[in-house]
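Residue-level listing of the chains:
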Amino acid sequence: MSVTLPEHFEDFAEARREGFLKVKELKDSGKNVCGCFCQYTPAEIIRAAGLYQVGLCGKSAAPIKTAETRLPANLCPLIKSSYGHALEQSCPYAYFSDVVVGETTCDGKKKMYELLGELKPMQVIHLPNIPDHERSLQMWVSELRIFAKGLEDKFQTTITEDGLNESIEWCNKERIQAARIYELGRYEPPAITGVRMHDIMEGEQYMFDPQEKYDKINAILDQCEKNWHNGEAPFAPDPKRPRIIVSGTGLGGTAEKTIHVIEELGGAVVCYEGCSGISSRRRLIDEDRSRDPYLRIAEKYIEVPCAVVSPNTRRLEQVAETVREWNADGIVSITLHSCNPFAIETENIRRVCNQMGIPLLHIETDFTPGDEAQIRTRLGAFLEMIRAEKEAAHE
Ligand code: BJ8
């Protein structure tokens, strides 16, 4: 079936490359850029300070050799790639960042930030490790205030309550829109491919005009819904097609050998679970302007379902809810080599899957192509097994 692709899809796939020029234009026009690595980064405070936020997570194996001149080889590739780019000045986003924000998440990242601080001006926000305690929330609020004060001092600006409130409301609007992207995967057949969902979520980090970005994403979503209602969904109807949730981290550098292959082999990635997945998008910041905006921002970000906090029970509940709501047949958990938090937590997710009667496939990988064939074989067998079970259930 020939399908009409929403016209802005390509804009998002190209956004990272084109963003190189845009970030230079921003700098030429006197704007300040804030590089960040993590879903714990409080976008509302950065926006209220008048800065442009850009993602710096390394997604390529190219700078890893350079990074290994200073970092241990058996470290997660995302950390090495991010640091390597900064060291060899091969990433324009890192190069043009006036300040880089890091959070004390996993051990590798927080120790790398100490070295990165020799190359770039850094602000490190200390993350409480126990998400559900009141004392953690209080500590997190004070960390966010320290962070805001650091930006005010560095950029000689004032972050006002009005500015924070306006940013909270805008970022909530963007979250509602992002949740809508994932919700297109609930359709049967899905109204968007998982590859396209990923392209949009990756590309939007490199589009710097918020209103233009918002309007383009809305146009895509409207078109996807229209196509679906006109019988032009990107997938042909097939009730036996495996509906897969992709979970984990590091997708930016591994998508081609994982999510692309799932869909090439006849599966559909219907939703993403993890720090930038559906639950984070649905959890909005309280817009009650009579309450302290720092507390409201802290309440939201302390709930990021990242494996670096313990216990991370909220994530497990969210996985179960997402499986039910997206009618998923299986989970593919993608983790990076040497990422202990996510690799260990995959066992907890496997237990959730066992309780729900669906299978889980754990893929541990990096940014090199060496394991592509092996991953393809494992994904093929996993999808075949699910398809066979669905066929048996339909007989
Ligand atoms: S909120 S997932 S973006 S920390 S893969 S560097 S955890 S060893 S990326 Fe992450 Fe923030 Fe959590 Fe999300 Fe360490 Fe693991 Fe590497 Fe990781």
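This is a predicted model, so every value here is computed, not measured.

Rules and cut-offs
- Residues numbered from 1 in each chain as written.
- Predicted model: local features only at pLDDT ≥ 70, side-chain atom pairs only at ≥ 80, totals over all residues.
- Heavy atoms only, no water.
- Helix = DSSP H or I, 4+ residues; strand = E, 2+ residues; numbered from the N terminus.
- Rg over C-alpha atoms; globule rule 2.2 N^0.38 Å.
- Buried < 20%, exposed > 50% of the residue type's maximum accessible area, 1.4 Å probe, protein only.
- Contact = heavy atoms within 4.5 Å.
- Lys, Arg positive; Asp, Glu negative; His and termini not counted.
- Charge placed at Lys NZ, Arg CZ, Asp CG, Glu CD.
- Axes fitted to C-alpha atoms, helices over the stretch in contact; angles between N-to-C directions.
- Parallel < 35°, antiparallel > 145°, perpendicular 65-115°, else oblique.
- Left-handed = near helix turned anticlockwise from the far one by under 90°.
- Nonpolar A, V, L, I, M, F, W, Y, C, P; charged D, E, K, R; others polar.
- Polar contact = N/O pair within 3.5 Å; in protein donor to acceptor, adjacent residues only side chain to side chain.
- Pairing = 2+ DSSP bridges.

**Describing the overall build of the protein**
Next, step 1: Helix and strand counts for the protein stand at 16 helices and eight strands.
Next, step 2: Relative to the compact-globule value of 21 Å for 395 residues, the protein shows a C-alpha radius of gyration of 21 Å, a close match.
Next, step 3: For the protein, the residues scored as buried account for 56% of the 395 residues in total.
Next, step 4: Taking as baseline every contact in the protein between residues at least 6 positions apart, the subset at least 24 positions apart corresponds to 75%.
Next, step 5: When the 47 basic and 61 acidic side-chain charges of the protein are each reduced to a single mean position, those positions are 2 Å apart.

**Observations concerning unusual backbone geometry**
Next, step 1: Cis rather than trans, the peptide bond between Glu188 and Pro189 has omega equal to -5°.
Next, step 2: Of the consecutive residues Ser310 and Pro311, the connecting peptide bond is found in the cis state with omega at -5°.
Next, step 3: You can see Pro311 is positioned in the loop between helix 13 (293–301) and helix 14 (313–325).
Next, step 4: Its identity as a non-glycine residue notwithstanding, Gln89 has a phi of 55°, on the positive side.
Next, step 5: Within the fold, Gln89 resides in the loop between helix 4 (77–88) and helix 5 (92–96).
Next, step 6: We classify Gln89 as exposed; its relative accessible area is 57%.
Next, step 7: Even without being a glycine, Asn327 presents a positive backbone phi close to 50°.
Next, step 8: With respect to the helices and strands, Asn327 occurs in the loop between helix 14 and strand 7 (330–336).

**Regarding the packing of helix 14 against helix 15 (residues 340–356)**
Next, step 1: Close contact between helix 14 and helix 15 brings their axes to 10 Å; oriented N to C, the two are set at 45°. Classified by the angle between their axes, helix 14 and helix 15 sit oblique to one another. Where helix 14 crosses over helix 15, the handedness of that crossing is right-handed. Residues Arg315, Leu316, Val319, Ala320, Val323 and Arg324 of helix 14 lie in contact with helix 15, whose contacting residues are Phe342, Glu345, Asn348, Ile349, Val352 and Met356.
Next, step 2: Classifying every residue of the contact of helix 14 with helix 15 gives eight nonpolar, one polar and three charged.

**Observations regarding the side chain of Lys257**
Next, step 1: With respect to the helices and strands, Lys257 occurs in the loop between strand 5 (243–248) and helix 11 (259–264).
Next, step 2: Within the structure, the side chain of Lys257 is placed 2.9 Å from the backbone oxygen of Asp366, a separation counted as a polar contact.
Next, step 3: Not counting chain neighbours up to four residues away, the residues in contact with Lys257 comprise Thr365, Asp366, Phe367, Thr368, Asp371, Glu372, Ile375 and Leu379.

**Observations concerning the sheet that holds strand 4 (residues 122–125)**
Next, step 1: Spatially, four strands are ordered 2-1-3-4 in an open sheet, and the strand pairing comes out parallel. At either end of the open sheet lies a strand with only one pairing partner, and these are strand 2 (52–55) and strand 4. Shown here is a sheet whose adjacent strand axes are inclined to one another by a mean of 25°, direction ignored.
Next, step 2: Here strand 1 (residues 33–36) pairs with strand 2 via four bridges, running parallel. Counterpart to Val33 in the pairing with strand 2 is Tyr52.

**A few points about the environment of Tyr294**
Next, step 1: Relative to the helices and strands, Tyr294 is located in helix 13.
Next, step 2: The spatial distance from the C-alpha of Tyr294 to the C-alpha of Ala148 is 9.5 Å, given a sequence separation of 146 residues.

**Here's the deal with the sheet that holds strand 6 (residues 268–273)**
Pairing between the strands of a sheet comes from backbone hydrogen bonds, and it takes one of two forms, parallel or antiparallel.
Next, step 1: In spatial order, the strands read 6-5-7-8; together these four strands make up an open sheet with parallel pairing. The sheet is open, and its two borders are formed by strand 6 and strand 8 (360–365), each paired with just one other strand. Between one strand and the next, the sheet's axes are offset by a mean angle of 25°, whatever the strand orientation.
Next, step 2: The pairing of strand 5 with strand 6 spans five bridges and is parallel. If you follow Ile245 over to strand 6, its bridge partner there is Cys271.

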